[in-house]
Amino acid sequence: MKLARRILEMEESITLAAGARAQALKAEGRDILSLTLGEPDFITPKNIQQAAQAAISDGRASFYTPAGGLPELKQAVIHYFEHFYGYSVKSSQIVVGTGAKFMLYTFFMTVLNEGDEVIIPTPYWVSYADQVKLASGVPVFAQTSEDNQFKITVPQLEALKTDKTKVLLLNSPSNPTGMIYSSDELEAIGNWAVNNDILILADDIYGHLVYNGNHFTPISAISEKIRAQTVVINGVSKTYAMTGWRVGFAVGSEEIVSSMAKIVSQTTSNLTAASQYAAIEALTGPQDSVETMRQAFEERLNTIYPLLKQVPGFEVIKPQGAFYLFPNVKKAMILKGYDDVTAFTDAILEEADVALVTGAGFGAPENIRFSYAANLSTLEEAVRRLKIFMEK
Ligand code: PMP
Ligand code: GLU
């Protein structure tokens, strides 16, 4: 056997795989509507592009940078935290790397010993569980459902706690459910983590994408005590339409963050320099494009949500943020004679030419994920096709 056990036990990212499959079918000439990947369909704002172009032209982007990020980028992150999070951080509390995804992985590699447990509210974003396992940790799934708005509670956490519990992961607004925790909920959960000396990993990547008067509260802003226990992961991918640039950052205690920088220095060396210059402009330049894109997502949500509710057998609660709808399709599967959501998702692709992501990889065997980061006409046509598929 040539392959290591860790890779045999690992799954490919199903979101990326679903996106690639839709792309391949399109290349074969099929008229596929892909609502798979969660990435803004807008191109990166001009001012951000120009900042990177200038850094490339004048040679600033030609060289390695400090492993944990350019000092100017750390200053930009400090500025961002002052404005968006409402508190001050020091540059020694910041590490920048190749996407929020890699920062999450770097965090797990930094804090987990063999067998340490990470509580993951479920449904969860597909990469968390495999990243924890790669870092020799054990994912512990805290199951939630539509009945409690897909949110975990303190009694639930208390029941899952063991002497191996090291980290509680929180992703609000959530991929895939779109739910947002309120300040009170965060305070209760945060105090529980503090009292039990459990680290909080706050994946705030969708913090700017909130709709219809809903509000994002970062758990790290609730209290000094909770903040001291928290590592925040964020980035520019979703907020600034920059998924391809691969910029992510972590902010937390100097001890953890400087150790994360060690991993960056021994693996990727540093985030691509041109991307770092782009990120400086994103975080400190004009912010009007953020609101323009947010409004576009909000309009799409408000258009597509009532239409999706009319598809026979699709039961969906209205998301508050991110850009996903996560209907429960249990009844739809029964109507069409399926008992497996992945087979059902495949049938929708084959028969309706709509590519979605099975809930199975999110720990949700009765749900299916739609990304509404696509233009309105694509979304409307996709739901029309789904309706025809269900009524056939
Ligand atoms: N966290 C969540 C919840 C996500 O959906 C994504 C999407 N890619 C990421 C982190 C990673 O973002 P990126 O690596 O593009 O910065
Ligand atoms: N996070 C996005 C998604 O869930 C992008 C793909 C990925 O990184 O998994 O679709």
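What you are looking at is a predicted structure, and each value in this text was computed from that prediction instead of being measured. (Residues numbered from 1 in each chain as written. Chains lettered and ligands numbered in written order. Predicted model: local features only at pLDDT ≥ 70, side-chain atom pairs only at ≥ 80, totals over all residues. Heavy atoms only, no water.)

Enquirer: Run through the site of ligand 1, naming residues and quoting values.
Expert: Among the 13 residues in the neighbourhood of ligand 1, the closest are listed as Asp203, Tyr206, Ser237, Lys238 and Arg246. Lys101 is positioned such that a nitrogen or oxygen atom in its backbone is 2.9 Å from an oxygen atom of ligand 1. Here ligand 1 loses 93% of its free accessible area of 390 Å² to cover by the protein chains. If one sorts the elements of the shell around ligand 1 by residue count, helix α5 (residues 99-111) sits on top with three residues. Of the residues that constitute the shell around ligand 1, the class distribution is five nonpolar, four polar and four charged. (Near = heavy atom within 4 Å. Polar contact = N/O pair within 3.5 Å; in protein donor to acceptor, adjacent residues only side chain to side chain. Areas by Shrake-Rupley, 256 points an atom, 1.4 Å probe, with all protein chains shown as cover. Helix = DSSP H or I, 4+ residues; strand = E, 2+ residues; numbered from the N terminus. Nonpolar A, V, L, I, M, F, W, Y, C, P; charged D, E, K, R; others polar.)

Enquirer: Explain the sheet that holds strand β7 (residues 230-235) to me, and be specific about the residues and the numbers.
Expert: In space, the seven strands of this open sheet follow the order β2-β8-β7-β6-β5-β3-β4, with mixed pairing throughout. A strand with exactly one partner marks an edge of an open sheet, and here the two such strands are β2 (94-98) and β4 (138-143). Put simply, the sheet's adjacent strands are angled 25° from each other on average, direction ignored. Packing of helix α4 (residues 71-85) onto the sheet brings it into contact with β2, β7 and β8 (247-251), and relative to β8 it is tilted by some 70°. (Pairing = 2+ DSSP bridges. Axes fitted to C-alpha atoms, helices over the stretch in contact; angles between N-to-C directions. Contact = heavy atoms within 4.5 Å.)

Enquirer: Describe the site of ligand 2, with residues and values.
Expert: What surrounds ligand 2 is the set Ser13, Thr15, Leu16, Leu37, Gly38, Lys101, Trp125, Asn175, Lys238, Tyr324 and Arg369. Residue Lys238 places a side-chain N or O atom 3.3 Å away from a nitrogen atom belonging to ligand 2. Within the complex, the protein chains bury 88% of what would otherwise be the 280 Å² of accessible surface of ligand 2. Looking at the shell around ligand 2, its residues break down into four nonpolar, four polar and three charged.

Enquirer: With reference to specific residues and values, describe the pairing of strand β6 (residues 199-203).
Expert: The element β6 is largely enclosed, with a buried count of five among its five residues. In this sheet, β6 lies alongside strand β5 (residues 165-171) in parallel orientation, the contact comprising five bridges. Residue Val167 lies in a different strand from β6, and its bridge partner there is Leu199. For the handedness criterion, the β-α-β arrangement of β5, helix α8 (residues 183-195) and β6 is classed as right-handed. Of the pairings in the sheet, the one linking β6 to β7 comprises four bridges and is parallel in character. Residue pairing for β7: Leu201 is matched across the bridge by Val231. (Buried < 20%, exposed > 50% of the residue type's maximum accessible area, 1.4 Å probe, protein only. Right-handed = clockwise from strand over helix to strand, strands pointing away.)

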